[in-house]
Structures are given as structure tokens and as C-alpha cells.
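Structural description and commentary
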Amino acid sequence: MICSYFIFPQIIIKFMQRLPPNQRLRTDFPILHFGKVPEFDRETWDFRIEGLVENPIRLTFDEFMVLEKTVDVSDFHCVTGWSKFDLKWEGVRFSDIAKLARPGASARFATIEAEGGYTTSLPLEELMEPDVIFAYGFDGKPLEPIHGGPLRFVIPKKYAYKSAKWVRRVIFTYEQEPGFWEARGYSNSADPWKEERYSY
Ligand SMILES: Nc1nc2c(c(=O)[nH]1)N[C@H]1C(S)=C(S)[C@@H](COP(=O)(O)O)O[C@H]1N2
Ligand SMILES: [Mo]
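Residues numbered from 1 in each chain as written. Chains lettered and ligands numbered in written order. Predicted model: local features only at pLDDT ≥ 70, side-chain atom pairs only at ≥ 80, totals over all residues. Heavy atoms only, no water.

1. Brief notes about the environment of Arg42
Within the secondary structure, Arg42 sits in the loop between strand S1 (24-25) and strand S2 (46-51). Residue classification places Arg42 among the partly exposed positions, given a relative accessible area of 44%. In this structure, the C-alpha to C-alpha distance between Arg42 and Arg93, residues 51 residues apart in sequence, is 21 Å. In this structure Arg42 touches Phe61 and Asp62, once residues within four positions along its chain are discounted. (Helix = DSSP H or I, 4+ residues; strand = E, 2+ residues; numbered from the N terminus. Buried < 20%, exposed > 50% of the residue type's maximum accessible area, 1.4 Å probe, protein only. Contact = heavy atoms within 4.5 Å.)

Okay, here's the thing in C-alpha cells:
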């Protein structure tokens, strides 16, 4: 009695509150990207941090894997209307990556660049949040190529087109560069709670 009439609605309300406006909850993990899944060659793959930094860096995959590891559980919201709860990402915080390269005083944004030229850009204060990570693991396993493996960017507080798969480079900039979807009419701020889907 208590369970069905009291607790159950409470659970539903709690879930609804975690769903941004006009999003629907999915329990599967949809796959969405432009172009095809790139090949990963551990020998030639690298990760570069460039632009307005005091210490530009190039890391091999093995070097990346020994950086301080973070696990973060977060929700995921695609601008086309689906959301997923409690995705468990393992990787390295953006803020830890930034510490290594030491952004200069004039750096205000960073462009995240993926294989094949997919890009997105964000202000540094949003990138320095502790839930923003470069993920190589998902749910205790290596991140699958189809979901962005070997390395994807994850910024849970933004629509997922900001969470670039197959990341290779971070460029610190003074002006915000237009991203792949942002240049095609999607919002630069991309806050799902304010429903910032388009750039008009
Ligand atoms: N490199 C790259 N990253 C990308 C995209 C893409 O087209 N290319 N699509 C984005 C969009 S719109 C979404 S919803 C998510 C989907 O991630 P998933 O396929 O792991 O669910 O990846 C994002 N990252
Ligand atoms: Mo998306």
C-alpha cells in the first residue's frame, strides 16, 4: 500500500525533475555522430594542448593513460530530445589537463577538436568544472569506438553536441571559435535547462 501510493510517485517525480524541458528518458544508449568512426592506432595517436598556453603539450596514448584518473557519474542530454541518466565516465578532468599546459592570462575559451575536424568551443570557466572530463572509460570498461573511444570529451551540463567524440586536440583561444554544429545553427551556450537549442 505505502509503496504503491506514496513511494512510487515520489520516485517518478524525482526522475522528472532530472529531465530538462522537452527531453525524453532513454534507457538504451543511442549512437549519434556525423561521418564514420575513425580508426585508432595506438602508435600514432596523440593528444595535443596548444594555443594560448605557456607549456604546449603532446601526449601519446600511454602517456595520457597515466594522468590522474577521475570517475564521474552524470546525465547526458542530446539536443534532438533524448536524455540518459547516470553515465559513468572514467578519464581525466579538463582542469587537470589545463594545469599541465598552464593557459596564459589572455586565454578565455578552448576549442575541443576531434578526428575528422569536428570541433566545439566553450568558455574556460565552464570547462574548469569538476564534471568536465576527457573520458577513455565507460562503466568500468574501455570506451567503445562507436561512443568516442579511445577518448571523448564530456561536458554534462551542455547538450551533447558539445561532448565531442574521438578528441585529439585542445586549443586555448582569446575569441570563441565556431564549432561544427554551432556554425550550423545550434546554440553556442547549449544549456539544456534553459532549452538553448538553436542560435537565433
Ligand atoms: N566527433 C563527433 N563527436 C560528437 C558528434 C559528432 O558528430 N562527431 N555528435 C555529438 C552529438 S549530437 C551527440 S548526441 C553525442 C552522441 O554520443 P553517443 O553517440 O555516444 O551517444 O555525440 C556528440 N559528439
Ligand atoms: Mo546530439
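Past the structure itself, the notes keep going.
2. Observations concerning the nonpolar core
Among the nonpolar cores identified, the biggest contains 37 residues, and Phe47, Phe64, Phe94, Phe134, Phe153 and Phe172 are the most heavily contacted of them. When contributions to this core are tallied by element, the ones reaching two or more residues are S2, strand S3 (57-60), helix H2 (61-65), helix H3 (94-101), strand S6 (109-114), helix H4 (124-127), strand S8 (133-138) and strand S11 (167-173). Among the elements that make up this core, the one with the highest residue count is H3 (4 residues). With 12 residues, the next largest nonpolar core counts Phe29, Phe76, Cys78 and Ile133 among its residues. (Core = buried A, V, L, I, M, F, W, Y, C linked by side-chain atoms within 4.5 Å.)

3. Observations regarding the packing of aromatic side chains
On inspection of all chains with the given rule, the structure shows 24 aromatic pairs. Relative to Phe61, the ring of Phe40 lies with its centre 5.1 Å away and its plane at 65°, an arrangement referred to as edge-to-face. Of this pair, Phe40 sits in the loop between S1 and S2 while Phe61 sits in helix H2; the two residues are 21 residues apart in sequence, bridging distant segments of the chain. Relative accessible area serves as the criterion here: at 35%, Phe40 is assigned to the partly exposed category. Judged by relative accessible area, Phe61 falls into the buried class, the value being 6%. Taken together, the ring pairs in this structure connect Phe40, Trp45, Phe47, Phe61, Phe64, Phe94, Phe134, Tyr136, Phe153 and Phe172 into an aromatic cluster. Over the aromatic face of Phe85 sits the side chain of Arg18, whose NZ or CZ is 4.2 Å from the ring centroid. For the cation-ring pair, Arg184 lies above Phe180, with the distance from its terminal atom to the ring centre recorded as 3.9 Å. (Phe/Tyr/Trp six-rings, centres within 6.5 Å; stacked < 30°, edge-to-face > 60°. Lys NZ or Arg CZ within 6 Å of the ring centre and 35° of its normal.)

4. With respect to the sheet that holds S3
Taken together, 5 strands build an open sheet; the order of strands is S3-S2-S11-S6-S7 and the sheet is mixed. What marks the edges here is a single partner per strand, and that holds for S3 and strand S7 (119-123). Each neighbouring strand pair of the sheet contributes to a mean axis angle of 15°, computed without reference to strand direction. (Pairing = 2+ DSSP bridges. Axes fitted to C-alpha atoms, helices over the stretch in contact; angles between N-to-C directions.)

5. As for the site of ligand 1
The environment of ligand 1 is made up of 19 residues, and the closest members are Pro30, Phe34, His147, Arg152 and Lys165. Between ligand 1 and Leu32 there is a distance of 2.9 Å, counted from an oxygen atom to a backbone nitrogen or oxygen. Contact with the protein chains removes 97% of the 530 Å² of surface that ligand 1 exposes when unbound. Counting atoms within 2 Å of the grid points, the majority share of ligand 1 lands in the largest pocket. Each residue belonging to the shell around ligand 1 can be placed in one class, and the counts come to 14 nonpolar, 3 polar and 2 charged. (Near = heavy atom within 4 Å. Polar contact = N/O pair within 3.5 Å; in protein donor to acceptor, adjacent residues only side chain to side chain. Areas by Shrake-Rupley, 256 points an atom, 1.4 Å probe, with all protein chains shown as cover. 1 Å grid on protein atoms, 1.4 Å probe; cavity = no way out; pocket = protein on both sides within 12 Å on 5 of 7 lines; lining within 4 Å. Sits in = over half its atoms within 2 Å of the grid points. Nonpolar A, V, L, I, M, F, W, Y, C, P; charged D, E, K, R; others polar.)

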